[in-house]
Amino acid sequence: GPDDLLSTGTVLQIPQKDTGSKGGRVRIAHPAAYAVEAGDTIYSIACEYGDVTPEAIIAVNGLKEPYDLTVGQMLNIP
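Everything numeric in this text was worked out from a predicted model, so none of it was measured.

Calculation notes
Residues numbered from 1 in each chain as written. Predicted model: local features only at pLDDT ≥ 70, side-chain atom pairs only at ≥ 80, totals over all residues. Heavy atoms only, no water. Axes fitted to C-alpha atoms, helices over the stretch in contact; angles between N-to-C directions. Helix = DSSP H or I, 4+ residues; strand = E, 2+ residues; numbered from the N terminus. Left-handed = near helix turned anticlockwise from the far one by under 90°. Contact = heavy atoms within 4.5 Å. Nonpolar A, V, L, I, M, F, W, Y, C, P; charged D, E, K, R; others polar. Buried < 20%, exposed > 50% of the residue type's maximum accessible area, 1.4 Å probe, protein only. Arc of directions from axis to C-beta.

Peer 1: Explain the packing of helix H1 (residues 42–49) against helix H2 (residues 54–61) to me, please; I cannot follow it from the model alone.
Peer 2: Any two packed helices are characterised by how steeply their axes cross, that is the angle between the axes, and by the distance between the axes. The interhelical angle for the contact between H1 and H2, taken along N-to-C directions, is 115°, at an axis separation of 8 Å. Considering how the two elements wind past one another, H1 and H2 form a crossing that is right-handed. Residues Ile-42, Tyr-43, Ile-45 and Ala-46 of H1 form the contact with H2, whose participating residues are Pro-54, Ile-57 and Ile-58. Here the contact of H1 with H2 is built from residues that sort into seven nonpolar, no polar and no charged.

Here is the structure:
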């Protein structure tokens, strides 16, 4: 719910090492293209797949700030 949102400035600890799972940080084998869904951001999409950076998605799609996405928009996932 709305109480689950992080505040600006919140520091998150993101583990960079494999913590025992065989796949490292990769959660889902990502497709070459992704259809944007309601509520998606470049960062949430990158986080979902785990092996691609937001910067890589931005670069390969030629996106410009503020990176507004539209539902149904197709993004290439490098």
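That covers the picture; the talk isn't over yet.
Peer 1: Honestly, H2 in this entry has me stumped. Any pointers?
Peer 2: Owing to its 3.6 residues per turn, the α-helix brings residues three or four apart onto one side. Taken together, the buried positions of H2 are Pro-54, Ile-57 and Ile-58. Angularly, the buried residues of H2 cover 100° about the axis, an arc narrow enough to put them on a single face. Pointing more than 90 degrees away from the buried face of H2 are the exposed residues Glu-55 and Ala-59. Taken from the residues just after H2, Gly-62 is the one with a positive phi, measuring 60°.

Peer 1: Looking at this structure, I do not really get H1. What am I missing?
Peer 2: Of all the positions in H1, only Ile-42, Ile-45, Ala-46 and Tyr-49 are classed as buried. Viewed along the axis of H1, the buried residues span an arc of 95°, placing them on a single side of the element. Contacts made by the buried residues of H1 are with strand S1 (33–35), H2 and strand S2 (74–76). The positive-phi residue at the C-terminal boundary of H1 is Gly-50, with phi of around 80°.

Peer 1: Explanation requested: the environment of Pro-54 in the structure shown.
Peer 2: With respect to the helices and strands, Pro-54 occurs in helix H2. A sequence separation of 10 residues divides Pro-54 from Ser-44, and the C-alpha atoms of the two residues are 8.5 Å apart. Contact partners of Pro-54, with chain neighbours within four places excluded, come to Ile-42, Tyr-43 and Ala-46.

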